Structures are given as C-alpha cells and as structure tokens.
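The residues making up each chain are set out below.
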Amino acid sequence: MPEPTSSGVAGAAAFKAAGGVAAGGALLSTVVVMLMTPPRTHREWAVGVISTVVTGIGGGAIAVQYFRLQEWVDSVTGLVALGGLIFGCGLPGWAIVRWVFNFIEKNRDAGIDEVAKEVKEVL
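Report on the accompanying structure. Note on numbering: residues in each chain are counted from 1, in written sequence order. Predicted model: local features are reported for residues with pLDDT of at least 70 only, side-chain atom pairs are reported and counted for 80 or more only, and whole-chain, interface and lining totals are derived from all residues. By convention in this description, side-chain values take in all heavy atoms of the structure and omit both hydrogens and water.

## Concerning the packing of aromatic side chains
For the record, the criterion: Only Phe, Tyr and Trp rings are paired, with Trp represented by its six-membered ring, and only when their centres lie within 6.5 Å; those with planes under 30 degrees apart are stacked, over 60 edge-to-face, the remainder tilted. Partly exposed residues are those whose accessible area sits between 20% and 50% of the maximum for their type, while under 20% is buried and over 50% is exposed, using a 1.4 Å probe and protein chains only.
Throughout the structure, instances matching the rule amount to one aromatic pair. On the numbers, 4.9 Å between centres and 85° between planes, the contact of Y66 with F67 is edge-to-face. The class of Y66 is exposed, set by a relative accessible area of 65%. Under the relative-accessibility criterion, F67 is labelled exposed at 53%.

And the structure:
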C-alpha cells in the first residue's frame, strides 16, 4: 500500500499538470480565434478572450467527463491529447458569443413577443 503522503503529492502534481494543460489549450484556441476573426473594439476583444477561455475549459471539462477521459492525466501523451481537446472546445466559443450579441443588438428595440417569434422561426 502506498504511503498516504507520497500518493497525495502525486495527486496534487497530476492536478497541477491538468490545470496547466487546460490553461494552455484554452489560451492557444483564444490566439487562433483572435487571429482568424479580429475583434472590432477593445470591449469585443475582452469578451472574445473571456468567452474562448471559458468555453475551452468548461467545454473541455464536459467532454472529459462525458467520454470518461480522466485517466489520461496519468501520462504525458494523455495530457497533450487533453490539451488538444480543450483547444478544440474553445474554438466555437467566440463565434457563439458574437452571434448571440449580434442578435441581441439587432433586436434591441423589439418586444419580447417579436424576439420569441424570431427565435421560434430559427429553431
């Protein structure tokens, strides 16, 4: 049976490594998104960075849980693969947020019934 202290330290190291992979994958997807669809204003830039990072980390976490990939943290190759997964999950974040805000801006003066009708038509 492993010593409790050493297994706790190993668990903490794996947790830190997974956090680094999540941050790295999310930041890389942010850079790619910002280069491909440059923001028009400083506010849009900030929203793009935040939404891409949150989508990458949140979407990546959902994908890891859904596909039960937690064991991948135990190897370097698995960590790299998780970074790629998080990168891929972050890519659509900025586009989705931009679409939502453009829709809101377009319908700024519309009533709730008009907005509901338009959403219903789209879906």
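So much for the structure itself; the text now carries on.
## Points about a nonpolar patch on the surface
Selection criterion: Patch membership requires over 30% relative accessible area and the absence of a salt bridge. Like charges are linked within 9 Å, and nonpolar side chains (Val, Leu, Ile, Met, Phe, Trp, Tyr) within 5 Å. The accessible surface values rely on the Shrake-Rupley method and a 1.4 Å probe; as for residues, cover is taken only from the protein chains in view. A side-chain nitrogen of Lys or Arg and a carboxyl oxygen of Asp or Glu constitute a salt bridge if their distance falls within 4 Å. Secondary structure elements follow DSSP: runs of H or I of four or more residues count as helices, runs of E of two or more count as strands, with numbering from the N terminus.
On the surface, V47, I96, W99, V100, F101 and I104 cluster together into a nonpolar patch covering about 590 Å² of accessible area. Tallying contributions element by element places helix 3 (residues 76-106) first for the nonpolar patch, with five residues. Within the fold, W99 resides in helix 3.

## Let's talk about the side chain of E44
Here is the rule: Contacts are residue-level and defined by heavy atoms, with any inter-residue pair within 4.5 Å sufficient.
With respect to the helices, strands and loops of the structure, E44 is situated in helix 2 (residues 42-67). Contacts of E44, omitting those with residues within four sequence positions, involve P38, P39, W94 and R98.

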